[in-house]
Structures are given as C-alpha cells and as structure tokens.
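# Remarks on the overall topology
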Amino acid sequence: MSQTIATIGFGVIATIILLFALLVLWKIYNEEIDISGLLAETPPPGVPPEETKASLSRFQFLVFTFVIAGLFLLLSIEAGTFVEVPQNVLVLLGISGGSYVISKTVGPSQRKDDASTKSKTARPSQRKDEGSTKHE
Amino acid sequence: MPAFIAKVLEAGLLSWMALLILLIGLRILRGDIRVDGLLLHKEGDTSVTPERALTMAIFPVVIISYAYTALNMNLEVPGPVRLPDVPESLLNLLLGSNGLYLAGKIARG
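Residues numbered from 1 in each chain as written. Chains lettered and ligands numbered in written order. Predicted model: local features only at pLDDT ≥ 70, side-chain atom pairs only at ≥ 80, totals over all residues. Heavy atoms only, no water.

To continue, consider the pattern of salt bridges. Residue and element names in this part refer to chain A. Counted according to the given criterion, the structure contains 13 salt bridges over all chains. A salt bridge links Glu-32 to Lys-27; the shortest N-O distance between them is 3.3 Å. Judged by relative accessible area, which is 53%, Glu-32 ranks as exposed. The partner of Lys-53 in a salt bridge is Glu-41, with the nearest N and O atoms 3.5 Å apart. With Lys-53 in the loop between α1 (2-29) and α2 (56-79) and Glu-41 in the loop between α1 and α2, this residue pair connects regions lying 12 residues apart in the sequence. A relative accessible area of 12% means that Glu-41 is categorised as buried. (Salt bridge = Lys/Arg side-chain N within 4 Å of Asp/Glu carboxyl O. Buried < 20%, exposed > 50% of the residue type's maximum accessible area, 1.4 Å probe, protein only. Helix = DSSP H or I, 4+ residues; strand = E, 2+ residues; numbered from the N terminus.)

Below, the structure is given as structure tokens:
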C-alpha cells in the first residue's frame, strides 16, 4: 500500500515539475517571458535595454552554467545517481560568477561617477543662467 | 512503474535543457538577443579591446576541454561517480584572463 502511495506521489511530483518546465519554455517561446536582454549590459539611465551592447561576463557565465549544469544532468542520468561535484568545478563557476558580479558593480558605479562629474561641471553655468533669469 | 516514471522524468529534463539551449541559440542567431559589442568596451567604440579578445579566446578553450574530459570519462569505476577535476593550469588560465578583463574594464573607466 505504502509503495503504491509513494509511486503515485512520485508520479504527481514528476508531472508537476515537467509541466512547470514546459510552461516556462512555452512562455519564453511566446515572448511572454522576455529574454531579449539576457546578455545585455546594465543600461545607463534613459537608455532602453535593447540598445545596450552585449556583456562578455554575462555571456561567459551563461555558457559556463549551461555546460556544467548539462554535464551534471547528463552524467547523473547515465550513472543513475547524483554525481559529486568537485571543488575545482565550483571554483571554475565561482571565477565566472565573480567576474560577472564585479563587472556588474564596476559598470554602474563608473557611470554614476561620470554622471556626477558631468553635473558638477554643468552646475556653475546653470547657476549663472538661473541668476541672470532672476535679475531679469 | 517507478522506473518508468523516472525514465520519463529523465527524458523530460534532458529535453527541457536541450530545448532551452536551442531556444536561446536560435534567438541569438535571429538577432533577438544581441551579442554584438562583446569585444568592445563601450557602445559605439570602433576598436576591439585586447583583454576582451583574450578572454573570448581562452574561455571556450577551458570549457570545451573540460566538457571533452567529462564526456569521455569512465562511469563504471567503483565508488561514487563524480565530475572530473579541472586541471590547475586551466583554472589559472581562466583566472588570469578574467583578471585581465576586469583590470581593463576598471582602468578604461
């Protein structure tokens, strides 16, 4: 009896997981889930994501994730059990992920610095303009 | 019966992964996902930056050699099955190229 319940439970969970996976794929295919900015760099303020260039670190992270996840899935299915992931492989993923995070933080902070220096240089002239309009 | 469900789940997950990769690949080929500018520092630059070109040359070598090793490993050895180790030389190569890439990104501003 308990064996039957376990089998039914396993079947139900497997169906739910597969349906969920299928739904995600279907929504991506129908463009309800938008992946057009998957490789795009974080856009500067006022620029739409479609107009930014691709990010090398994002691309690298995507390729590493897919290859290692694919190998893990494939070898686990072939071996009939979960394969162990050595520390070196985690380091490999960590290098790629770390590069992505650093690249993501460096980009926007530099843009903010650029924007603040631009606004500082623009302020004196703006103040003059404001002053002249007040006198008028 | 559980073995049959497991087989279906295995096939489903593998197909899902393959379809997802195919979908992203097709979108990239169709131009819906932009991959231009991978070797440029900023949008509108005309020259390729060397550190990006180096990273772009090295990381496929690392990942292809690792995938080749993993796909040719013997799964019938006694004991728990594990993914193959990444050689130190490949790790250092990737670390060096990514370090250069980040240094270039920071230095160029």
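We now examine the environment of Asp-32 of chain B. If you trace the backbone, Asp-32 of chain B turns up in the loop between α1 (2-30) and α2 (50-71). Sequence separation of Asp-32 of chain B and Ser-89 of chain B is 57 residues, and the distance between their C-alpha atoms is 36 Å. Residues in contact with Asp-32 of chain B, not counting those within four places in the same chain, are Glu-31 and Ser-36 of chain A together with Arg-27 of chain B. Polar side-chain contacts of Asp-32 of chain B include one of 2.5 Å to the side chain of Arg-30 of chain B. (Contact = heavy atoms within 4.5 Å. Polar contact = N/O pair within 3.5 Å; in protein donor to acceptor, adjacent residues only side chain to side chain.)

Further remarks concern the interface of chain B and chain A. Taken together, the contact pairs 60 residues of chain B with 58 residues of chain A. When the two sides are added together, the surface that chain B and chain A hide from each other amounts to roughly 5,500 Å², 77% of it contributed by carbon and sulfur. At the junction of chain B and chain A, the tally comes to 5 salt bridges. Of the charged contacts, one joins Glu-31 of chain A and Arg-30 of chain B as a salt bridge, the two residues approaching to 4.0 Å between their closest N and O atoms. Broken down by secondary-structure element, the contributors of at least two residues to the side of chain B that touches chain A are α1, α2 and α3 (88-108) of chain B. (Buried area = accessible area lost by both parts, 1.4 Å probe.)

Okay, the domain arrangement of chain B next. Looking at the assigned domains, one finds that chain B contains domain 1 (1-35) and domain 2 (37-109). Placing a centre on the C-alpha atoms of domain 1 of chain B and another on those of domain 2 of chain B gives a separation of 24 Å. (Domains from an automatic or database assignment.)

Our next topic: the nonpolar core. Residues Phe-64 and Leu-92 of chain A together with Ile-24, Val-86 and Leu-94 of chain B are the most contacted members of the largest nonpolar core, which totals 40 residues. Listing elements by their share of this core, those giving two or more residues are α1, α2 and α3 (87-135) of chain A together with α1, α2 and α3 of chain B. The biggest single contributor to this core is α2 of chain A, with 9 residues. Apart from residues lying up to four places away in sequence, Leu-94 of chain B is in contact with Gln-60, Phe-64, Leu-92 and Ile-95 of chain A together with Phe-59 and Val-62 of chain B. (Core = buried A, V, L, I, M, F, W, Y, C linked by side-chain atoms within 4.5 Å.)

Moving on, we come to a nonpolar patch on the surface. All names here are of chain B. A surface patch of nonpolar side chains, about 430 Å² in accessible area, is lined by Leu-19, Leu-22, Leu-26 and Leu-29. With respect to the helices, strands and loops of the structure, Leu-19 is situated in helix α1. Assessed through its relative accessible area of 43%, Leu-19 is described here as partly exposed. (Patch = residues over 30% accessible without salt bridge, like charges linked within 9 Å, V, L, I, M, F, W, Y side chains within 5 Å. Areas by Shrake-Rupley, 256 points an atom, 1.4 Å probe, with all protein chains shown as cover.)

A few words now on the packing of aromatic side chains. Considering all chains together, one arrives at 5 aromatic pairs over all chains under this definition. Ring centres of Phe-61 of chain A and Tyr-100 of chain A lie 5.5 Å apart, and the angle between their planes is 25°; this geometry places the pair in the stacked category. In this pair, Phe-61 of chain A is assigned in helix α2 and Tyr-100 of chain A in helix α3, connecting sequence segments 39 residues apart. You can call Phe-61 of chain A partly exposed: its relative accessible area is 28%. Taken together, the aromatic side chains of Phe-59 and Phe-64 of chain A together with Phe-59 of chain B make up a single cluster linked through ring pairs. (Phe/Tyr/Trp six-rings, centres within 6.5 Å; stacked < 30°, edge-to-face > 60°.)

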